[in-house]
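# Summary of structural features
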Amino acid sequence: MKNSRSYVILVVLIATAFGFSKYQDLQYPDYFPVPEYNFDNNRLSDEGIELGRNLFYDPILSRDNSVSCASCHSPYNAFAHTDHDLSHGIDDQIGTRNAPALFNLAWQKSFMWDGAINHLDMQALAPISHSGEMDESIQNVVLKLQQKERYLHLFKEAFGDTPISGAHVLKALSQFQLTLISANSKYDKVKHGSDLFNEQENKGYALFKANCNSCHTEPLFSNYSFANNGLIVDTTLNDFGKYAITKQSKDSLLFKVPSLRNLKFSSPYMHDGRFRRLNEVLNHYTSEIINTETLDPQFEQSIALSSNDKADLMAFLQTLNDTDFVFDPKHQFPLNKSKNPKE
Amino acid sequence: MKHCCILILFLISFTSQSQNDPELIQINPLFNNEHLELNKPYFLASVNDSIKIETLKFFISNVQFFQDEKLIDSLSKKQHLIDLEKEKSLQIEMSRSNRLRYNMIKFSVGIDSITNVSGVFGGDLDPTNGMYWTWQSGYVNFKLEGKSEACSARNNFFQYHLGGYQAPYKTISNIELKVSQQNLIVINFKIDAFLNGIDLAKSHSVMSPNDTAVALSKRFQKIITIGDEK
């Protein structure tokens, strides 16, 4: 007893001396800005991340154990929902918005297409409680988890010997999602100096900087602000974006600027998934902008791109696809857990 | 030697305890001047009908003590969830030295905007307490639910979930009350006065930050008073 205690103290002393700790820092390139997420309130640990990953892939978070976060946010689609313009939830209900890709969330200031959620920790409450998504309550999720030996163990590893709380569930989900960092595309390799753009990509990069970078700002390829990019309102949905939250007319039709990383994996595009292909998006920007009260001033003069320009821009956008991120086994279904994921 | 130390420690703790009576803030929800009980019928004069309260939950935060406008002390626990279903939650312990003199107490009903944007917290703020909106970020500051024949909603059910931390729907309400130095501060919440004048037939559900939530939150300044020491 006495021995083991002094051993622990010794390990702690050595760990502090060498700057090791149970906690880990987020790994990201030095040309990324400082994250928005405040890690002081939720220190990342291997155990916390692993717990979050288990929760993310577990349909236990839904009412009838049928839908997990990954049902709508698949790793192979950069955590978006491919083949569905609008998301698809419990009892085959169709939502009103396209499930966005999830990566580089630590840099995001607000969440959802309209900014309804102000913090990553709080985001998961929305799908868990939504009657058309997972139709569960966080209270009941906690009760269900408390009955699973495996989760009692995982929570203890991550948060110590306290009862499972709603805050723990949300913090663990944040921890896993914060590790979803996309920073290994060709663009990143060029930034690091280990690769070069070809001529077409270079031309595309110049066009990008002239026409797109003000909103889809590098290196994250979004400034995470809200803008009206001239999409015509889908009258079957009547989604006015940020207006729904602030009820101020200046916010009508403003949607969060999505990142342009990983577009190859995250089709369809826009808040309602109206475009399946990138050339449709480019055609939108060159010839289909709808002028409404809140249209971003940048679009008052239409963007002129020749078909060569479009091909160049497309070539540049391809350099933002990060295959290493999409196929990173660390982000995928945790195979070490029980064989039957529904168990 | 060791035993001697323990004895001294014991004596110190014993004597200091007997000097400091437990100091408490007792939250006292009232209906028609009686202590409010859940699910009990009361008469609400302003709608001329009977009424039952099924849920009363709210946050008290940032409790501070002042002497002639000078801040003397504040409670270290910042947010307290008061839930009429849990009698114990109506008592807030004041772990402070009672040698301090004060003649005013200030606190807020609701959660401040910094806390609202700082992610998830456990304890009284844990999302399992049912005081956090799910589809749009923000705490519910105050939740009052019940039934009355006068209410035209389904099952005569009314629900006031007041919250909102961003302009123009900022709903946190700051309260100042003159108090005399005492070991038990009773704070009345006159729920009949809160409901007074609300047309239950029309305005029975407030479920998100909006103008009505702001207007109703202004009522707290009138319905909260210092009670008698019991």
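Placed above this text is the structure.
Residues numbered from 1 in each chain as written. Chains lettered and ligands numbered in written order. Predicted model: local features only at pLDDT ≥ 70, side-chain atom pairs only at ≥ 80, totals over all residues. Heavy atoms only, no water.

Right, let's talk about the pairing of strand β4 (residues 49-67) of chain B for a bit. All names here are of chain B. When strand β3 (residues 42-44) meets β4, the two strands line up antiparallel, connected through three bridges. Residue pairing for β4: L44 is matched across the bridge by D49. Adjacent in sequence and paired antiparallel, β3 and β4 are bridged by four residues, among which N48 carries a positive phi angle near 55°. Relative to strand β9 (residues 140-148), β4 is paired through seven bridges, and the arrangement is antiparallel. Bridge assignment links F58 to a residue of β9, and that residue is F142. As paired strands, β4 and strand β6 (residues 79-83) are joined by five bridges and run antiparallel to one another. Bridging across to β6, S61 finds its partner in Q79. (Pairing = 2+ DSSP bridges. Helix = DSSP H or I, 4+ residues; strand = E, 2+ residues; numbered from the N terminus.)

The next thing to look at is helix α8 (residues 166-178) of chain A. Because an α-helix packs 3.6 residues into every turn, residues spaced three or four apart end up facing the same way. With 13 residues, α8(A) extends 18 Å between its outermost C-alpha atoms, agreeing within 8% with the 18 Å of an ideal straight helix rising 1.5 Å per residue. The element α8(A) is largely enclosed, with a buried count of 13 among its 13 residues. (Expected span 1.5 Å × (residues − 1). Buried < 20%, exposed > 50% of the residue type's maximum accessible area, 1.4 Å probe, protein only.)

Among the secondary structure elements, B:H80 is positioned in strand β6. In terms of polar contacts, B:H80 uses its side chain to reach the backbone carbonyl oxygen of B:K77, at 3.1 Å. (Polar contact = N/O pair within 3.5 Å; in protein donor to acceptor, adjacent residues only side chain to side chain.)

To continue, consider the environment of B:E23. For B:E23, the location among the structural elements is in the loop between α1 (2-19) and β1 (24-31). For B:E23 and B:N183, which are 160 residues apart along the polypeptide, the C-alpha to C-alpha distance reads 4.7 Å.

Our focus in this paragraph is the pattern of salt bridges. Applying the stated criterion across every chain, the model contains 19 salt bridges over all chains. Note that A:E136 is salt-bridged to A:K144, the shortest N-O span being 2.9 Å. Residue classification places A:E136 among the buried positions, given a relative accessible area of 11%. Judged by its relative accessible area of 16%, A:K144 falls in the buried class. Between B:D124 and B:K77 there is a salt bridge whose closest N-O contact spans 2.9 Å. Placement of the pair is B:D124 in the loop between α2 (113-116) and β9 and B:K77 in the loop between β5 (70-74) and β6, with a sequence separation of 47 residues. Judged by its relative accessible area of 23%, B:D124 falls in the partly exposed class. Since its relative accessible area comes to 41%, B:K77 is described here as partly exposed. One network of salt bridges, in which partners are shared, links A:R63, A:D91 and A:D135. (Salt bridge = Lys/Arg side-chain N within 4 Å of Asp/Glu carboxyl O.)

Overall, the coordinates contain 35 aromatic pairs over all chains when judged by the stated rule. Over the ring of A:F226 we find A:K242, and its NZ or CZ is 5.0 Å from the ring centre. (Phe/Tyr/Trp six-rings, centres within 6.5 Å; stacked < 30°, edge-to-face > 60°. Lys NZ or Arg CZ within 6 Å of the ring centre and 35° of its normal.)

With that settled, the discussion passes to unusual backbone geometry. In this chain, A:S267 is followed by A:P268 through a cis amide linkage whose omega measures 0°. Along the chain, A:P268 turns up in the loop between α12 (263-266) and α13 (278-287). For the peptide bond that leads from B:A167 to B:P168, omega is 0°, which places it in the cis range. If you trace the backbone, B:P168 turns up in the loop between β10 (157-163) and β11 (173-178).

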